[in-house]
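Now for the letters of each chain:
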Amino acid sequence: MAAIWYFLRSTIGLKVVMAVSGFFLFGFLVEHMIGNLLFFLGPDLLNGYAELLHASQLFLWTARSVMILAAGFHATTALVLYLRQRAARPVGYRRTRSRTFSYAARTMKYTGPLVLVFVLFHLAHFTLGWQVTPAPFVEGDVYANVVASFQHTWVAVVYVVAVLLVGFHFIHGGHSLFESLGVRHPRFDGLIRTVTGGFAVAVTVGFVALPCAILFKLAGG
Amino acid sequence: MNVVLMVWRQENRDTAGRLQRIEAKDISSEMSFLEMLDVVNERLILAGERPIAFDHDCREGICGSCGVVINGTAHGPRRGTTTCQLHMREFHDGQTIVIEPYRAKPFPVLRDLVVDRSALDRITAAGGFVSASTGSAPDGNAIPVAKPKAEAAMDAAACIGCGACVAACPNAAAMLFVGAKISHLGLLPQGQPERWMRAEAMVAAMDREGFGPCTNVTECAAVCPKEINLSVIARMNRDRMAAVFLVARRSPRGDTA
Ligand code: HEM
Ligand code: FES
């Protein structure tokens with residue numbers, strides 16, 4: 001036990017917690033995105049899927065607990081590591097020039113918390129049924145709620161922007177998590193980056209499709 | 001050629017520093033960067049001013065003493081090259097060259113461009129060695145080492161401990177340095193008995209010194225004068241993870257992990 005605790009407090013242990021929790025969060029995203037795409041197959045499938053997820057309280061709360069734990073560990077380790085980064089360079093350079101600049105990598109500390117804020121809004125909106133638009137929230141009728149919401153431009157814009165932020169977080173986090181877990185080799189780096197980058201793009205497109213389709217009246221009419 | 005230097009000047013670790021503008025005229029493009037600083041220093045001395053303090057020793061790219069941040073890049077614009085091996089022909093006439101010391105909490109500035117890098121030595125002292133007495137050098141091939149492992153170990157052992165990885169990392173992390181030390185011994189048979197203990201002890205020492213965490217932005221490997229591969233960091237991560245289960249609680253040195 002002491003050995004595990006000692007490890008988890010090291011910078012490498014913290015990164016491992018961050019990587020594993022991030023992996024669960026991304027895994028959930030992929031599942032969520034596929035679920036969302038059922039929208040395009042009609043109300044019966046989407047609502048049926050939602051019903052299935054709610055069929056067992058045990059299953060529902062187990063899944064929710066895993067996600068809450070993953071988010072909690074991820075955000076906590078992010079904060080601890082961020083503070084260590086800050087402390088490690090109290091005096092900065094007058095001039096810096098990057099050789100490997102990656103926008104996604106450098107903005108992780110902004111995209112992460114922004115996504116957290118969005119997730120809270122999102123849960124309030126579609127899970128707790130906060131009335132963010134005039135249309136009343138109908139418990140269980142996911143299809144109707146989604147269509148009613150995304151007719152409002154600002155709601156669609158909030159979701160699209162948030163998903164783009166998630167996509168950015170995914171572009172760096174996707175390969176970074178493998179590297180933090182020690183999976184890195186010149187022979188496989190390209191493959192890992194391509195596959196995780198592909199996932200990032202696919203998830204982003206998959207999520208953006210729904211609000212866009214409704215806003216532009218291509219579906220759900 | 002003529003260049004304009006913007007050099008960091010700082011009296012000692014307790015005083016504040018500033019960038020000083022110094023015009024360096026009639027510099028030969030064939031001079032090394034350090035020779036250019038030597039010339040500038042001679043002129044400063046003749047003018048009765050304090051010369052610029054900078055670290056150097058071998059001036060042939062093998063000792064790791066030199067190393068400053070030149071126009072925002074550790075060791076300057078040429079890849080795979082230490083500051084001492086950099087030549088003025090890499091710059092153009094009239095160029096402004098900003099020269100700053102390495103910036104990291106574990107590397108306090110001692111004077112001008114000289115920083116105290118003994119934090120790296122303390123990490124090495126925590127486990128970057130083989131403690132068994134091995135006698136004199138073994139006969140060639142007496143201890144078989146597979147060719148790919150020997151090559152990878154040699155690549156990691158090329159680290160000269162200059163600290164450029166720390167300087168270039170946006171988080172001031174020392175992962176490439178520690179990874180190189182852990183890898184070069186961890187790949188060889190002589191390094192196996194203490195492999196897990198070494199990973200645990202060196203990572204702990206790295207944290208103790210206050211180096212930052214890695215965010216896999218790969219800036220370190222891009223400035224490394226020895227072009228150490230990022231896979232050493234992955235190896236360190238794996239060895240440190242394995243250490244959780246494999247470190248014998250009591251080491252031959254008698255200290256508990
Ligand atoms: C709760 C809000 C969040 C914060 C504050 C946050 C912050 C961070 C930070 C600072 C990093 C380290 C950046 C780096 O390694 O360069 C990171 C990495 C990562 N994040 Fe997040 N993030 C959040 C939400 C998320 C979400 C929602 C996901 C997935 C959907 C996610 C997945 C990842 C992954 C996989 C990594 C890479 C882990 C690694 O490098 O080992 N994060 N996050
Ligand atoms: S002075 Fe020895 S490496 Fe540059």
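The structure under discussion appears in the preceding block.
The rules behind each value
- Residues numbered from 1 in each chain as written.
- Chains lettered and ligands numbered in written order.
- Predicted model: local features only at pLDDT ≥ 70, side-chain atom pairs only at ≥ 80, totals over all residues.
- Heavy atoms only, no water.
- Helix = DSSP H or I, 4+ residues; strand = E, 2+ residues; numbered from the N terminus.
- Buried < 20%, exposed > 50% of the residue type's maximum accessible area, 1.4 Å probe, protein only.
- Areas by Shrake-Rupley, 256 points an atom, 1.4 Å probe, with all protein chains shown as cover.
- Lys, Arg positive; Asp, Glu negative; His and termini not counted.
- Charge placed at Lys NZ, Arg CZ, Asp CG, Glu CD.
- Contact = heavy atoms within 4.5 Å.
- Buried area = accessible area lost by both parts, 1.4 Å probe.
- Salt bridge = Lys/Arg side-chain N within 4 Å of Asp/Glu carboxyl O.
- Polar contact = N/O pair within 3.5 Å; in protein donor to acceptor, adjacent residues only side chain to side chain.
- Donors = N, O, S within 2.8 Å, 3.2 Å for Na, K, Ca; no water.
- Near = heavy atom within 4 Å.
- Nonpolar A, V, L, I, M, F, W, Y, C, P; charged D, E, K, R; others polar.
- Patch = residues over 30% accessible without salt bridge, like charges linked within 9 Å, V, L, I, M, F, W, Y side chains within 5 Å.

A. Focus on the overall build of chain B. Counting its secondary structure elements, chain B contains eight helices and seven strands. Based on the C-alpha atoms only, the size of chain B along its principal axes is roughly 60 × 40 × 35 Å. Residues classed as buried in chain B amount to 55% of the 257 residues present. Counting only carbon and sulfur atoms, one obtains 51% of the accessible surface of chain B, whose full area is about 11000 Å². Taken as two groups, the 29 positive and 29 negative side-chain charges of chain B have centres that lie 6 Å from each other.

B. Main features of the interface of chain B and chain A. At the interface, 54 residues of chain B touch 39 residues of chain A. At the boundary of chain B with chain A, total buried surface from both sides reaches about 3800 Å², with 55% on carbon and sulfur atoms. By the criterion of area lost to chain A, the three top residues of chain B are Arg-103, Pro-213 and Asn-216 of chain B, representing 16% of everything that side buries. Counting across the interface, chain B meets chain A through one salt bridge. Across the pair Arg-106 of chain A and Glu-219 of chain B runs a salt bridge whose closest N-O atoms are separated by 2.6 Å. In this structure, the connection of chain B to chain A is made through 28 residue pairs in polar contact (both at pLDDT 80 or more). Listed by contribution, the elements that provide at least two residues to the side of chain B that touches chain A are strand 5 (96-100), helix 4 (164-168), helix 6 (195-209), helix 7 (219-223) and helix 8 (231-246) of chain B. At eight residues, helix 8 of chain B tops the list of elements feeding residues into the side of chain B that touches chain A.

C. Expanded view of the coordination of the iron atom of ligand 1. Surrounding the iron atom of ligand 1 are the protein donor atoms His-74 of chain A (NE2) and His-169 of chain A (NE2), which sit 2.0 Å from the metal. His-169 of chain A gets classed as buried once you look at its relative accessible area, which sits at 14%.

D. Region of the structure containing the site of ligand 1. For ligand 1, the set of nearby residues contains 22 residues, the closest of which are Lys-15, His-74, His-169, Ser-176 and Ser-180 of chain A. Mapping the residues adjacent to ligand 1 onto the chains of the assembly identifies chains A and B. With respect to ligand 1, the side chain of Ser-176 of chain A contributes an N or O atom lying 2.4 Å from an oxygen atom. For the shell around ligand 1, the secondary-structure elements that each account for two or more residues are helix 2 (11-37), helix 4 (57-88), helix 6 (108-127) and helix 8 (153-180) of chain A. It is helix 2 of chain A that provides the largest number of residues to the shell around ligand 1, a total of seven residues. Each residue belonging to the shell around ligand 1 can be placed in one class, and the counts come to twelve nonpolar, nine polar and one charged.

E. Molecular detail of a nonpolar patch on the surface. Residue and element names in this part refer to chain A. A cluster of nonpolar side chains, namely Val-20, Phe-23, Phe-24 and Val-66, defines an oily patch on the protein surface of about 340 Å² accessible area. The leading source of residues in the nonpolar patch is helix 2, at three residues. Tracing the sequence through the fold places Phe-24 in helix 2.

F. A look at the pattern of salt bridges. Residue and element names in this part refer to chain B. Inspection of every chain in the model, using the stated rule, returns 18 salt bridges over all chains. Of the charged contacts in the structure, one is a salt bridge between Asp-38 and Arg-59, with a shortest N-O distance of 2.8 Å. In this pair, Asp-38 sits in helix 1 (residues 33-46) while Arg-59 sits in the loop between helix 1 and strand 3 (69-70), placing the two residues 21 residues apart along the sequence. The class for Asp-38 is partly exposed, based on a relative accessible area of 26%. A salt bridge links Asp-112 to Arg-50, with the shortest nitrogen-to-oxygen separation between them at 2.9 Å. Of the two residues, Asp-112 sits in the loop between strand 6 (109-111) and strand 7 (114-115) while Arg-50 sits in the loop between helix 1 and strand 3, which places them 62 residues apart along the sequence. When its relative accessible area of 26% is taken as the criterion, Arg-50 is described as partly exposed. Through salt bridges with shared partners, a single ionic network connects Arg-9, Glu-11, Arg-50, Arg-111 and Asp-112.

Worth remembering: the numbers are spatial, not functional.
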